[in-house]
Amino acid sequence: MNTSIEEIRQRHELLKQKIRHYDYHYYVLDKPEITDAEYDKLFRELLHLEANYQQYLNVADSPSQKVGGGILPAFAKFDHRKPMLSLNNIYTYQELIEFDERLKKILKSDEEIIYFVEPKFDGVALELVYENGQLVRALTRGDGVTGEDVTENARKIKNIPLRLLTSSPPSLCEIRGEVIFYKKDFKRLNELQSELGGELFANPRNAAAGSLRQLDSRVTAKRPLRFFAYALGFYHREELSVSSQSDLYKWLSQIGFQTALFYSPIALVKKCQGISEIEAFWKQMNEFRHHLPFEIDGLVVKVDPFELQETLGEVARAPRWACAFKFPPEQQATTVTNIFFQVGRTGVLTPVAQLKPITLGGVTVSFTTLHNFEEIIRKDIRIGDTVLVHRAGDVIPEIIKVLVELRPPHCQPVTYPSVCPACQSPTVADSEEVAIRCANPNCPGIRMAQLKHFVSRKAMNIDKVGDKLIEELFSQGLVRKFSDFYRLKEEDLLKLPRKGNKSVGNILTSIQKSKKVTLSRFIYSLGIRYVGEVTAQHIAHHFMTLEQFLSASEEDLLKIDEVGPKVARAIREWLRQPENKKEIEEMLKLGVEIIPEQNLATPESPGHLSGLTFLITGTLPIPRTAAERWIIQNGGRMATSVTKKLSFLVVGDAPGSKLEKAKKLGIPLISWEELQKKAQKPEASSEKSSYNNP
Ligand code: IVH
């Protein structure tokens, strides 16, 4: 086993232990043992380890999992005028029958109850207090009795009305609902976080909770949160003429809230007389939920008339008149029918488990990556094993664990791949990276993976050329190198199986469209080892033109703060190969054209921080990765250490040793707030700050 991974694991265990200990002293005994800054430092280290080595660590019992629950000491606390209740869960139709029977018994009536059935949003509950139609406060659920004041953050949520859309608003009313993250926004947020090496959110719910409970509402403002209203808190009865849940939905929609009422192509709510229709609706929604842009984890069945709700009342913090009819979890057992290794574009062999197909999260799952050989050994996954597979939202399915008790006899552990599956040449172990690689530079497997990378969305984005087509083109000898895509002719493609005029036309158009490409995308497309999307952006930003990049020496490359010796060497090595340079020339001849970057500052529109380098110390009001990205987008550059070349040290709370060093070197210091102002002023980039260091 790789010792560095083992060390990381030990460090992780120790951090978990320490933080638990300090948590107990802080939250339970109310006697903090260390300062907030010291605690923060430990916690950040924990999050950092988990973000980078998640697959090797046991995160389930980590204090990081607690973030997003409970009351943060930093938020002001307010009691809810009316407690925010929770819901009892049911999982089967039989339980729904029992629920309905119980209610009829309490009501002493055989008459069918009218229910209103709505989605159970998988987000975080929020209460909005409106006085005379104006939003005056927003509280999280907290412990149900006391919530946290997140008013400023709630104001930033685009679909929360700051004023109710009615000319005669009630003097006071509280609207409750759920703050959610759309699946696509969640994916995008995590992509951004992972690219920047930041903290990843486990699911859209955590992303919503984390974004709502930000101490700096500017961060919340940047997160695309949405609010769906579904309930009332406190209100004066005489002021509202709403007498049922179905009425409430109509009223909420009228006064400016988004609800589940109007949603196409199918209604997400249903008024039902008795429970007989609920089962069919539940089944329909259980299927349809995978097509929804947000996650729901069940339906909420509510007695429709408020009068009956009042009669039924509540027990133990949950209403008697409602229940959550949950959907089955997106987790299933299946068998591993095969484990094989796939060679990637950099030659790394990735193990893949083939599964007996299962439907999870609305899609069929037949394969799942096992990340690396280490992981197979750690989870002890063998061909023939029954495993538990999990898939939430759009996240890649993952084997959670082996159900060892179901393991058939004579099941053998997976053997180490000593030869490449594509070219059969011997593999080499890359101890630094837990990786096993194919060392054959001409391996057809690597070639094919490079071509797939080249066309991928974040690279050249040739969206009509998928993996299958690449395999066909490759085996026919039509595409062997990048430039071959730009040589493809209609008649070549028409010869392929199942390709008619229309699809061939689409393919050629998407290839044609890809010819206009930014420098960063182009560099990323080349598939140079260690050059990911973000590194490619830094490189493009530094050199600005393809010519400058192509003629860059290792020394030139090292001038980019984000490029270390390993990366510089890999790039130089790549550029040194005559066939690589020739490929680029060929592509340019065939019409590939480098266009200006869209998001990053360009020579034509330099960001206001252009020409300045920054380094951050201490805690900023926004995550560090987001701050770094912001600096880069405004034309600045990030340094990796305090040197004389540094233009500014950005100082947050509880700064570290960098501050002392910067002071010694006379580097100007700047606060995050000042920096933001600076970026708005065009002339600011040339002036130095006087903050704290005149
Ligand atoms: S009604 C008194 N309606 O589920 C009933 N809650 O398990 C409680 N939730 O904290 C609120 N969708 O965050 C209601 N359509 C919906 C809901 C919903 C999601 C959440 C809510 C609540 C939790 C209770």
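Residues numbered from 1 in each chain as written. Predicted model: local features only at pLDDT ≥ 70, side-chain atom pairs only at ≥ 80, totals over all residues. Heavy atoms only, no water.

1. As for the site of the ligand
No. 1: Neighbouring the ligand are 14 residues; Glu-118, Pro-119, Phe-121, Glu-178 and Lys-302 lie closest to it.
No. 2: Lys-120 has a polar side-chain atom sitting 3.2 Å from an oxygen atom of the ligand.
No. 3: Within the side chain of Lys-302, a nitrogen or oxygen atom sits 3.0 Å from a nitrogen atom of the ligand.
No. 4: If the ligand stood free it would expose 520 Å²; the protein chains cover 87% of that surface.
No. 5: Where the shell around the ligand is concerned, the elements lending two or more residues are strand S3 (114-121) and strand S10 (296-303).
No. 6: In terms of residue count, S3 provides more of the shell around the ligand than any other element does, four residues in total. (Near = heavy atom within 4 Å. Polar contact = N/O pair within 3.5 Å; in protein donor to acceptor, adjacent residues only side chain to side chain. Areas by Shrake-Rupley, 256 points an atom, 1.4 Å probe, with all protein chains shown as cover. Helix = DSSP H or I, 4+ residues; strand = E, 2+ residues; numbered from the N terminus.)

2. Digging into the packing of aromatic side chains
No. 1: Within the structure shown, the criterion is met by 20 aromatic pairs.
No. 2: Each ring, one from Trp-282 and one from Phe-327, has its centre 5.7 Å from the other, and the planes form 40°; the classification is tilted. Of this pair, Trp-282 sits in helix H9 (residues 276-288) while Phe-327 is found in the loop between strand S13 (322-326) and strand S14 (331-343), placing the two residues 45 residues apart along the sequence.
No. 3: Assessed through its relative accessible area of 13%, Trp-282 is described here as buried.
No. 4: Among the aromatic residues, those joined into a ring-pair cluster are Phe-121, Tyr-182, Phe-228, Tyr-230 and Phe-294.
No. 5: Above the face of the Tyr-182 ring, Arg-226 is positioned so that its terminal group lies 3.6 Å from the ring centre. (Phe/Tyr/Trp six-rings, centres within 6.5 Å; stacked < 30°, edge-to-face > 60°. Buried < 20%, exposed > 50% of the residue type's maximum accessible area, 1.4 Å probe, protein only. Lys NZ or Arg CZ within 6 Å of the ring centre and 35° of its normal.)

3. Observations regarding the sheet that holds strand S24 (residues 637-638)
No. 1: Sheet architecture is open: four strands sit in the order S24-S23-S25-S26, paired in parallel fashion. Strand pairing shows two members of the sheet lacking a second neighbour, S24 and strand S26 (669-671), which therefore form its edges.
No. 2: Where strand S23 (residues 613-617) meets S24, two bridges bridge the pair, whose relative direction is parallel. When the bridges of S24 are listed, Thr-613 appears paired with Arg-637. (Pairing = 2+ DSSP bridges.)

4. Let's talk about the sheet that holds strand S4 (residues 124-131)
No. 1: The antiparallel open sheet is built from four strands, whose spatial order is S5-S4-S7-S8. In the strand order of this sheet, the two ends are held by strand S5 (134-140) and strand S8 (225-235), each with one partner. This sheet shows a mean twist of 30° between the axes of neighbouring strands, independent of strand direction.
No. 2: As paired elements, S4 and strand S7 (residues 172-181) share eight bridges and run antiparallel to each other. The partner of Val-129 across the bridge, within S7, is Glu-174.
No. 3: Lying on the sheet, helix H6 (residues 204-212) is in contact with S4, S5, S7 and S8; it crosses S7 at an angle near 130°. (Axes fitted to C-alpha atoms, helices over the stretch in contact; angles between N-to-C directions. Contact = heavy atoms within 4.5 Å.)

5. With respect to the confidence of the model for the chain
No. 1: This prediction gives the chain a mean pLDDT of 85; 89% of its residues lie at or above 70.
No. 2: Scored below 50 in pLDDT, residues 599-605 shows 16 contacts in the model against residues more than four places distant or in partner chains.
No. 3: This model gives residues 682-694 a pLDDT under 50, and the stretch forms 26 contacts once residues within four places in sequence are excluded. (pLDDT = per-residue confidence, 0-100.)

6. Some details on the nonpolar core
No. 1: Counting residues in hydrophobic clusters, the biggest one holds 48 residues, and the most contacted among them are Phe-485 and Phe-549.
No. 2: Elements that contribute at least two residues to this core include exactly helix H12 (444-455), helix H13 (467-475), helix H15 (501-513), helix H16 (519-525), helix H17 (533-543), helix H18 (546-550), helix H20 (565-576) and helix H21 (578-589).
No. 3: The element that contributes the greatest number of residues to this core is H20, accounting for five residues.
No. 4: Not counting the four nearest positions on each side in its chain, Phe-549 is found in contact with Ile-523, Leu-526, Ile-528, Ile-539, Phe-543, Ile-571 and Leu-575. (Core = buried A, V, L, I, M, F, W, Y, C linked by side-chain atoms within 4.5 Å.)

7. Quick notes on unusual backbone geometry
No. 1: Of note in the backbone geometry, Asp-380 takes a positive phi value of approximately 50° without being a glycine.
No. 2: As for its position among the elements, Asp-380 is in the loop between helix H11 (373-379) and strand S17 (386-390).
No. 3: Residue classification places Asp-380 among the partly exposed positions, given a relative accessible area of 28%.
No. 4: The backbone phi angle of Asn-461 is positive, close to 55°, even though this residue is not glycine.
No. 5: Given a relative accessible area of 34%, Asn-461 falls into the partly exposed group.

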